[in-house]
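Topology and contacts: notes
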Amino acid sequence: MALSLILAIGAQNAFVLRQGLRREHVAAVVAVCALSDAVLIAGGVAGFGAISAALPWFGASMRWLGVGFLLVYGALRFRAAARGGEALRPSASDPAPLGRVLATCLVLTWANPHVYLDTVVLIGSISAQHAPHQLAFGVAAAMASLSFFTALGFGARLLAPVFARASAWVWLEIGVGIVMWVIAAGLAFG
């Protein structure tokens, strides 16, 4: 269940993929993503989803914040594609500082309302259906997240020959931009 939610390409996954392709700070990025998911899953399993029920405006606020976030992030991806993928060539630039990479990773993780929907609300509510084994469900979901981010981050190097061409980076950026805008439309109109 958790793996199917995490697998959908989004801002966070695209960032992990890019870092893996660039081979920059991959272990740190994987750790931040997996630990963040574990914290969010724990919150959902512990009943954080009840906040949505108690505060009717919370869900709508998160939805519209999510729409805005995804539209801006999609636009940034289209802008990167229009620049020809130069900013993403794995060997074209010096490695980004660890602090900047981790700050970007944290923003893409914690400012993305989709992550709250997936980890806190959906996984949290599904874990409640498995009482009294919610803890085991949460641990399994967190392990699925860790497995996925590890495979994505460290497995990306297998795609390095494909992404050695600037045009592949451009198409990746366009694809991510389209996905971000489609998800934003789904949040806005769904």
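Residues numbered from 1 in each chain as written. Predicted model: local features only at pLDDT ≥ 70, side-chain atom pairs only at ≥ 80, totals over all residues. Heavy atoms only, no water.

**A few points about the overall build of the protein chain**
Our working rule: Secondary structure elements are taken from DSSP: a helix is a run of H or I of four residues or more, a strand is a run of E of two residues or more, and numbering for both begins at the N terminus. Buried residues are those whose accessible area, probed at 1.4 Å on protein chains only, stays under 20% of the maximum for their type, while exposed residues exceed 50% and partly exposed ones sit between those limits. Any two residues whose heavy atoms approach within 4.5 Å at even a single point are treated as in contact. Only the protein chains shown count as cover for residues, with accessible areas throughout obtained via the Shrake-Rupley method and a probe of 1.4 Å.
A tally of helices and strands in the protein chain yields 9 helices and 0 strands. Listing the helices and strands of the protein chain from first to last along the sequence gives α-α-α-α-α-α-α-α-α. Residues counted as buried form 43% of the 190 residues belonging to the protein chain. The contacts in the protein chain between residues at least 6 apart in sequence include a share of 88% that link residues at least 24 apart. Entry remark: accessible area of the protein chain is about 9500 Å², with carbon and sulfur atoms responsible for 73%.

**Considerations on the pattern of salt bridges**
Counted only if it meets this: Definition used for salt bridges: Asp or Glu carboxyl oxygen within 4 Å of a side-chain nitrogen of Lys or Arg.
With the rule as written, the count across this model stands at 3 salt bridges. Linking arginine 22 and glutamate 24 is a salt bridge whose minimum nitrogen-to-oxygen distance equals 2.8 Å. Neither arginine 22 nor glutamate 24 differs from the other in exposure class; each is buried. The partner of glutamate 173 in a salt bridge is arginine 77, with the nearest N and O atoms 2.6 Å apart.

**A look at helix α3 (residues 26-45)**
Under the convention used in this document: Expected span of a helix: the number of residues minus one, times 1.5 Å.
Under the 1.5 Å per step criterion, the end-to-end length of α3 is 28 Å for 20 residues, consistent within 8% with the ideal 28 Å. All of the buried residues along α3 are Val26, Val29, Val30, Val32, Cys33, Ala34, Ser36, Asp37, Leu40, Ile41 and Gly44. One or two positions beyond α3, positive phi appears at glycine 47, with a value near 105°.

**Here's the deal with the packing of aromatic side chains**
The following threshold applies: Only rings of Phe, Tyr and Trp enter the pairing, Trp through its six-membered ring, and a pair is recorded when the two centres are within 6.5 Å. The plane angle decides the type: under 30 degrees is stacked, over 60 is edge-to-face, the rest tilted. Working rule: Lys NZ or Arg CZ, within 6 Å of ring centre, within 35 degrees of ring normal, means a charge sits over the ring.
Per the stated rule, a full pass over the model turns up 3 aromatic pairs. Plain terms: the ring middles of phenylalanine 78 and tryptophan 181 are 4.7 Å apart, the flat faces sit at 70° to each other, and that makes the pair edge-to-face. Highlighted residues: phenylalanine 78 in helix α5 (residues 56-82) and tryptophan 181 in helix α9 (residues 166-189), separated in sequence by 103 residues. Taking the ring centre of tyrosine 73 as reference, the NZ or CZ of arginine 77 above it sits at 5.0 Å.

**Thoughts on a nonpolar patch on the surface**
Put simply, the test is: Residues enter a patch when their relative accessible area is above 30% and they make no salt bridge; the linking distance is 9 Å between like charges and 5 Å between nonpolar side chains (Val, Leu, Ile, Met, Phe, Trp, Tyr).
Together, Leu135, Val139, Met143 and Leu146 make up a nonpolar patch on the protein surface, roughly 390 Å² of accessible area in all. Within the secondary structure, leucine 135 is located in helix α8 (residues 134-155). For leucine 135, a relative accessible area of 68% corresponds to the exposed category.

**Notes on the confidence of the model for the protein chain**
Applicable threshold: As a per-residue measure, pLDDT reflects the predictor's confidence and takes values from 0 up to 100.
Of the residues in the protein chain, 87% have a pLDDT of 70 or more, and the chain-wide mean is 83. Between the elements of the protein chain, mean pLDDT differs from a low of 62, seen in helix α1 (residues 2-7), to a high of 95, seen in α3.

**Here we look at the nonpolar core**
For the record, the criterion: Nonpolar core, defined: a set of buried Ala, Val, Leu, Ile, Met, Phe, Trp, Tyr and Cys residues in which side-chain atoms within 4.5 Å join the residues together.
Counting 33 residues, the largest nonpolar core has Val29, Leu70 and Met180 as its most contacted members. Of all the elements in the fold, those that place two or more residues in this core are α2 (11-22), α3, α5, α6 (98-110), α8 and α9. In terms of residue count, the dominant contributor to this core is α9 (9 residues). Judged by nonpolar contacts, the second largest core, of 5 residues, contains Ile41, Ile123, Ile126 and Ala141.

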